[in-house]
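Next come the chains, spelled out residue by residue.
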Amino acid sequence: MKIKEITLAKLKPAEFIRDQSAELRAVVGEHTAINALSGGVDSSVVTMLAHRALGARLQTYFIDHGLMRAGEPEAVVKLFRKHGVPVKLVDARREFYGELKGKTDPEAKRQAITHAFYKKVFGRLVRESGARFLLHGTILTDVEETVAGIKRQHNILTQLGIDTRKAYGYTVLEPLINLRKPAVRRVGRALGLPAALCNRPPFPGPALAARVIGEVTPERVELVRQATAVVERVLARVPAFQCLAILHADRVTGIRAGRRDFGHQIEVRCWDSQDAVTARPTNLPYKTLVKLGELITREVPGVVSVTYNITAKPPSTIEAI
Ligand code: XMP
């Protein structure tokens, strides 16, 4: 399918929802579709759009891969159930950590996540549910970055020449592919999703795995999960595009209780950006940075060093892998 951008200025949300709903109903017909909700803006908008269009012919899953932020799976499922969307929680932690085991190369890690999502978990869910279609919240920026060879976004398949029906046994539908993030947020509001959800900072599909340099193990993800909770708490009122914590692979010498401690390093990133294509580090007050250092070393076990990224994108990227 040819991609044709619908800019924020040209977007008519009600018309967009009507056209996409009609298209979904026409394509899915009497069959069923599934989709995975992560609680991010894109997947939330796809869930609501498809729920409205397909009703009981849509089954929404929340895939718990063990890479989400603290308390996230339960909170997302609860919110959507409140909005009338029945969401099934799927425990896929073993599948994801099994694929990630021993991998340290960033692209190999991203491929492992793609494989776990599309081949293992969705393949299984499609077989079990009898669905023919998988709905996905891919947006224009995801396609551009993957096709440009910058980073393989976990959800890009057809644009890389992958025939999902042949490879995985289902067809992928991408109703948001012509939109960028600000337009997706506007469609979300028009669908009646809460402003707090539509304005949520982006969170990557590979979740906290995108923020662990080196091997992704449950223990290492837990460190970055705790550091993320501190960063999001301290920077909650900062109007940044996105803020995050990264766990480095190297350890450094520190001192704890008067003794040498060869500990972990956390890097904090906070970004000003419009569309994630380019970004600049937010000019955070020095006392906020010092507070982040104090709280992360106090609350996250074994961390002895906290740094703040002062590089723009490019040459940096927003996530670490
Ligand atoms: P990068 O790290 O490429 O991130 O500068 C750009 C924006 O995209 C998000 N991101 C992803 N989103 N799947 C997604 O849906 C992915 O694989 C992925 N990787 C990065 C990132 O959080 C940022 O907003």
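Refer to the structure presented above.
Please read all numbers here as calculations on a predicted model, not as lab measurements. (Residues numbered from 1 in each chain as written. Predicted model: local features only at pLDDT ≥ 70, side-chain atom pairs only at ≥ 80, totals over all residues. Heavy atoms only, no water.)

What follows covers the overall build of the protein chain. Across its full length, the protein chain holds 11 helices and 10 strands. Scaling as 2.2 N^0.38, a compact globule of 321 residues should have a C-alpha radius of gyration of about 20 Å, and the protein chain matches this with 20 Å. Considered along the principal axes of its C-alpha atoms, the protein chain spans approximately 70 × 40 × 40 Å. Within the protein chain, buried positions represent 53% of all 321 residues. Considering only contacts within the protein chain whose residues lie at least 6 apart along the sequence, 75% involve residues at least 24 apart. Here the protein chain contributes 49 positively and 32 negatively charged side chains, and the mean placements of these two sets differ by 3 Å. (Helix = DSSP H or I, 4+ residues; strand = E, 2+ residues; numbered from the N terminus. Rg over C-alpha atoms; globule rule 2.2 N^0.38 Å. Buried < 20%, exposed > 50% of the residue type's maximum accessible area, 1.4 Å probe, protein only. Contact = heavy atoms within 4.5 Å. Lys, Arg positive; Asp, Glu negative; His and termini not counted. Charge placed at Lys NZ, Arg CZ, Asp CG, Glu CD.)

By secondary structure assignment, the location of His-65 is in the loop between strand E2 (58-64) and helix H3 (72-82). For His-65, a relative accessible area of 3% puts it in the buried group. Of the polar contacts made by the side chain of His-65, one reaches the backbone nitrogen of Leu-67; its length is 3.1 Å. What His-65 contacts, discounting residues up to four positions off in sequence, is Ala-92, Arg-93, Phe-96, Tyr-97, Phe-117, Gly-205 and Ala-207. (Polar contact = N/O pair within 3.5 Å; in protein donor to acceptor, adjacent residues only side chain to side chain.)

The next point concerns the nonpolar core. Note that soluble globular proteins tend to have their nonpolar side chains buried in a common cluster. Leu-54, Ile-63, Leu-67, Phe-80, Phe-96, Leu-135 and Ile-296 are the most contacted members of the largest nonpolar core, which has 87 residues in total. Apart from the residues lying within four places of it in its own chain, the contact partners of Ile-63 are Ala-36, Leu-37, Val-90, Ala-92, Phe-96, Phe-117, Val-121, Phe-122 and Leu-125. The next biggest cluster of nonpolar side chains, apart from the first, holds seven residues, and it includes Leu-244, Ile-246, Ala-276 and Ala-279. (Core = buried A, V, L, I, M, F, W, Y, C linked by side-chain atoms within 4.5 Å.)

The topology assignment puts Ile-310 in the segment after strand E10 (303-308). Ile-310 sits in the exposed class, given a relative accessible area of 70%.

What follows deals with unusual backbone geometry. Following Lys-313, the chain continues into Pro-314 via a peptide bond in cis, with omega recorded as -15°. Within the secondary structure layout, Pro-314 lies in the segment after E10. Looking along the chain, the bond that leaves Pro-314 and enters Pro-315 is cis, with omega of 10°. Tracing the sequence through the fold places Pro-315 in the segment after E10. Residue Ala-207 is not a glycine yet carries a positive backbone phi of 55°.

With that settled, the discussion passes to the pairing of E2. For E2, a buried count of six out of seven residues is recorded, marking the element as mostly surrounded by other parts of the structure. Pairing geometry for strand E1 (residues 33-36) and E2, over four bridges, is parallel. Paired with Ile-34 across the two strands is Gln-59, which belongs to E2. Crossover handedness for the path E1 to helix H2 (residues 41-54) to E2: right-handed. One ladder, built from five bridges, connects E2 with strand E3 (residues 87-91); its direction is parallel. Looking at E3, one finds that Asp-64 is bridged to Asp-91. Each parallel crossover has a hand, and the one from E2 via H3 to E3 is right-handed. (Pairing = 2+ DSSP bridges. Right-handed = clockwise from strand over helix to strand, strands pointing away.)

Strand pairing in a sheet relies on backbone hydrogen bonds. The paired strands run either parallel or antiparallel. Across the sheet, which stays open at both edges, the five strands sit in the order E3-E2-E1-E4-E5 with parallel pairing between neighbours. Either end of the sheet is taken by a strand with one partner, and the two such strands are E3 and strand E5 (171-173). The average undirected angle you get between the axes of adjacent strands in this sheet is 30°. (Axes fitted to C-alpha atoms, helices over the stretch in contact; angles between N-to-C directions.)

Using the criterion set out here, one finds 16 salt bridges in the structure. Here Lys-181 makes a salt bridge to Asp-42, at a shortest N to O gap of 3.0 Å. One end of the pair, Lys-181, is in helix H8 (residues 181-190); the other, Asp-42, is in helix H2, and 139 residues separate them in sequence. For Lys-181, a relative accessible area of 14% translates into the label buried. Looking at Asp-42, the relative accessible area reads 11%, which means it is buried. In this structure, the salt-bridge partner of Arg-124 is Glu-95, at a minimum N-O distance of 3.3 Å. Residue Arg-124 is found in helix H5 (residues 106-129), and its partner Glu-95 is found in helix H4 (residues 93-100); the two are separated by 29 residues along the sequence. (Salt bridge = Lys/Arg side-chain N within 4 Å of Asp/Glu carboxyl O.)

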